[in-house]
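# Coordinates in review
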Amino acid sequence: MNNHSAVRLDRLQAILREGSPLPLSDAAQLCGVSEMTIRRDVAHSNGLLEILGGRLLLAEASAGSVYRLEREIDASAPIKQALCQQLASHIEDGDTLYVDCGTTLVHLAAALNRQQTLTLVTCALNVANAVGHLPGVRLVMLGGLFHAATQSFTATDMPETIRRLGINKAFISAGGVHASRGVSCFHFHEVAAKQAALESAMQRFLIVDARKFEMVRPAFIAPLSDFDVVISNSHPAARDCLGTLDPELCVTAEMIDCHPSID
């Protein structure tokens with residue numbers, strides 16, 4: 001590694017310690033070199049930096065910034081259960097629901113009113129397994145290429161399939177929520193389905209543990225203002241973030257009291 005490369009790496013490390021992951025194109029522009037040069041620098045950084053989803057980040061932070069389903073399953077489970085109980089109060093008999101992937105909305109199965117008749121649309125295998133046996137649920141499973149990391153499927157025609165369905169309510173989860181940077185997740189392959197559900201649904205819900213607030217993840221989903229209702233646990237980070245929204249946007253925040261978040 002030459003002196004110029006070392007200087008660039010020092011500069012990029014300093015920038016990354018001050019904020020969120022940096023798009024590779026921005027890193028190249030800041031250093032006045034090509035993206036390929038930045039890639040070569042990272043390859044010779046002795047593991048200090050890495051590139052994930054077209055963004056540059058500190059390797060020391062990546063262990064906590066990469067989504068791992070097995071780690072998330074038990075993280076804040078009581079909170080996720082309470083959030084889904086609150087969410088279930090918005091479900092009406094005959095609704096067609098889009099239920100997102102991840103480990104939060106899988107708890108919705110236990111909260112559903114067994115007397116209701118519902119159509120539930122999902123690309124998440126864990127959600128499908130949780131609701132498939134319920135007598136009042138007509139399950140629409142969106143298939144395609146399976147991603148074990150998120151227990152979900154993707155397909156090139158999935159967004160169009162979602163748009164053709166009459167979805168009353170879209171229930172979306174996220175890995176990060178930021179007042180100005182919007183709602184984001186870890187995996188780029190999830191975004192198209194989430195965005196299609198947001199576009200198609202009559203009402204859009206964001207369900208998120210408050211530990212996700214003030215976080216920015218690599219894959220942008222939508223501005224926070226695209227949601228009609230945000231359901232989260234009562235926490236200063238959530239209240240501060242949602243308090244910055246323009247009141248005219250009419251985003252309803254439902255902050256519920258439950259056990260403290262587990263980081």
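Residues numbered from 1 in each chain as written. Predicted model: local features only at pLDDT ≥ 70, side-chain atom pairs only at ≥ 80, totals over all residues. Heavy atoms only, no water.

Within the protein, the regular secondary structure consists of 11 helices and 15 strands. The burial tally for the protein puts 51% of its 263 residues in the buried class. Considering only contacts in the protein between residues 6 or more positions apart, those separated by 24 or more positions represent 62%. For the protein, the exposed surface amounts to about 12,400 Å²; the carbon and sulfur share of it is 51%. (Helix = DSSP H or I, 4+ residues; strand = E, 2+ residues; numbered from the N terminus. Buried < 20%, exposed > 50% of the residue type's maximum accessible area, 1.4 Å probe, protein only. Contact = heavy atoms within 4.5 Å. Areas by Shrake-Rupley, 256 points an atom, 1.4 Å probe, with all protein chains shown as cover.)

Quick look at helix α3 (residues 35-43) now. Turning to α3, its buried residues are Thr37, Ile38, Asp41 and Val42. Each buried residue of α3 lies within a common arc of 140° when the element is viewed along its axis, so the set occupies one face. Counted as exposed and oriented over 90 degrees from the buried face of α3: Met36 and Ala43. The inward-facing, buried residues of α3 abut α1 (3-18), α2 (24-31), β2 (49-52) and β3 (55-58). (Arc of directions from axis to C-beta.)

To continue, consider the pattern of salt bridges. Scanning the entire structure with this criterion turns up 8 salt bridges. Beyond isolated ion pairs, a larger network of salt bridges with shared partners links Glu92, Asp95 and Lys169. (Salt bridge = Lys/Arg side-chain N within 4 Å of Asp/Glu carboxyl O.)

Attention shifts here to the pairing of strand β14 (residues 229-233). Regular strands show a simple pattern: their side chains alternate between the two faces of the sheet. The buried fraction of β14 is high, at 5 of 5 residues. Residue alternation in β14 divides its side chains into two sets, Val229, Ile231 and Asn233 and Val230 and Ser232, and both sets are buried. By the bridge criterion, 3 bridges tie strand β12 (residues 203-207) to β14 in an arrangement that is parallel. Across the sheet, leucine 206 pairs through a bridge with valine 230, a residue of β14. Where β14 and strand β15 (residues 252-256) come together, 5 bridges link them in parallel fashion. Within β15, the residue paired with valine 230 across the bridge is alanine 253. (Pairing = 2+ DSSP bridges.)

Pairing is antiparallel in the open sheet, where 3 strands are placed in the order β10-β11-β13. A single partner strand is all that each edge strand has here, and the edge strands are β10 (176-178) and β13 (219-222). Across the sheet, the axes of successive neighbouring strands diverge by a mean angle of 30°, strand direction being ignored. Where β10 lies against strand β11 (residues 182-185), 3 bridges are found, and the strand directions are antiparallel. Among the inter-strand pairings, valine 177 is bridged to a residue of β11, identified as valine 183. Along the sheet, helix α10 (residues 191-200) makes contact with β11 and β13, crossing β13 at roughly 5°. (Axes fitted to C-alpha atoms, helices over the stretch in contact; angles between N-to-C directions.)

Here 3 strands make up an open sheet; going across it, the order is β1-β3-β2 and the pairing antiparallel. With one partner strand each, in any of the chains shown, β1 (22-23) and β2 form the two edges of the open sheet. Relative to β3, β2 is paired through 4 bridges, and the arrangement is antiparallel. Residue pairing across strands places leucine 52 opposite arginine 55, the latter belonging to β3. The sheet strands contacting α1 are β1, β2 and β3, and the helix crosses β3 at an angle near 85°.

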